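Coordinate analysis (summary)
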Amino acid sequence: MKKLSSRFSVAVHVLCLIHLSPSLCTGDFIAASVKTNPVIIRNILAKLKKAGLLDVRPGVGGAFLLKNLEEITLLDVYNAVEVIDNGELFNIHAEPDPNCPIGKNIVAVLRSEMRAAQSAMEQRLAQVSLRQIVTELGK
């Protein structure tokens, strides 16, 4: 099974790091903490900036949050960085055989279940703020 992108967990890592050390948060500093390529970090920073969650100081570097930690939910972060095709988290194989007793109904049955699963996940993410994550990290 293909895993979902790690952009979400990296974005949460980035936002927590920026909260704790805004003046140090250059792309290279963040990339070292995440252990990834700075280009990946710059792309994630751009998505978070576009979503209105942070801003980046040009030139000297550093980044800062535009909202309080209590105001940013995991769903906000997820929506900022994840790419969902047509609002659907799960893909279902296209065009099964309509003459097959399974193929003719599988898409409708699975789509309903996958939407319910996506909705449950999104509801949970909406209940968790970055403040809660930072608090857990400090334990």
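The preceding data block contains the structure.
A brief look at the structure comes next.

Each value, and the rule that gives it
All residue numbers refer to positions counted from 1 along the written sequence of the respective chain. Side-chain atom pairs in this predicted model are given and counted only at pLDDT of 80 or more, local residue features only at pLDDT of at least 70, and totals for whole chains, interfaces and linings cover all residues. Remark: hydrogens and water are excluded; side-chain values derive from all non-hydrogen atoms of the structure. Each nonpolar core is a collection of buried residues, namely Ala, Val, Leu, Ile, Met, Phe, Trp, Tyr and Cys, held together in the definition by side-chain atoms within 4.5 Å. Whether a residue is buried, partly exposed or exposed follows from its accessible area with a 1.4 Å probe, protein chains only, as a fraction of its type maximum: under 20%, in between, or over 50%, in that order. Secondary structure follows DSSP: runs of H or I at least 4 residues long count as helices, runs of E at least 2 residues long count as strands, and numbering of each begins at the N terminus. Here a salt bridge means any side-chain nitrogen of Lys or Arg lying within 4 Å of a carboxyl oxygen belonging to Asp or Glu.

Digging into the nonpolar core
Residues Ile 18, Ile 30, Leu 48 and Val 77 are the most contacted members of the largest nonpolar core, which totals 34 residues. Sort the elements by how many residues they give to this core and helix α1 (residues 7-20) lands first, with nine residues.

Overview of the pattern of salt bridges
This model, assessed by the stated rule, comprises three salt bridges. We note a salt bridge from Arg 7 to Glu 82, for which the minimum N-O separation is 3.8 Å. In this pair, Arg 7 sits in helix α1 while Glu 82 sits in the loop between α4 (74-81) and α5 (106-126), placing the two residues 75 residues apart along the sequence. Under the relative-accessibility criterion, Arg 7 is labelled partly exposed at 26%. Between Asp 55 and Lys 49 there is a salt bridge, and its shortest N-O distance comes to 3.4 Å. On the basis of relative accessibility, which here comes to 43%, the residue Lys 49 falls in the partly exposed class.

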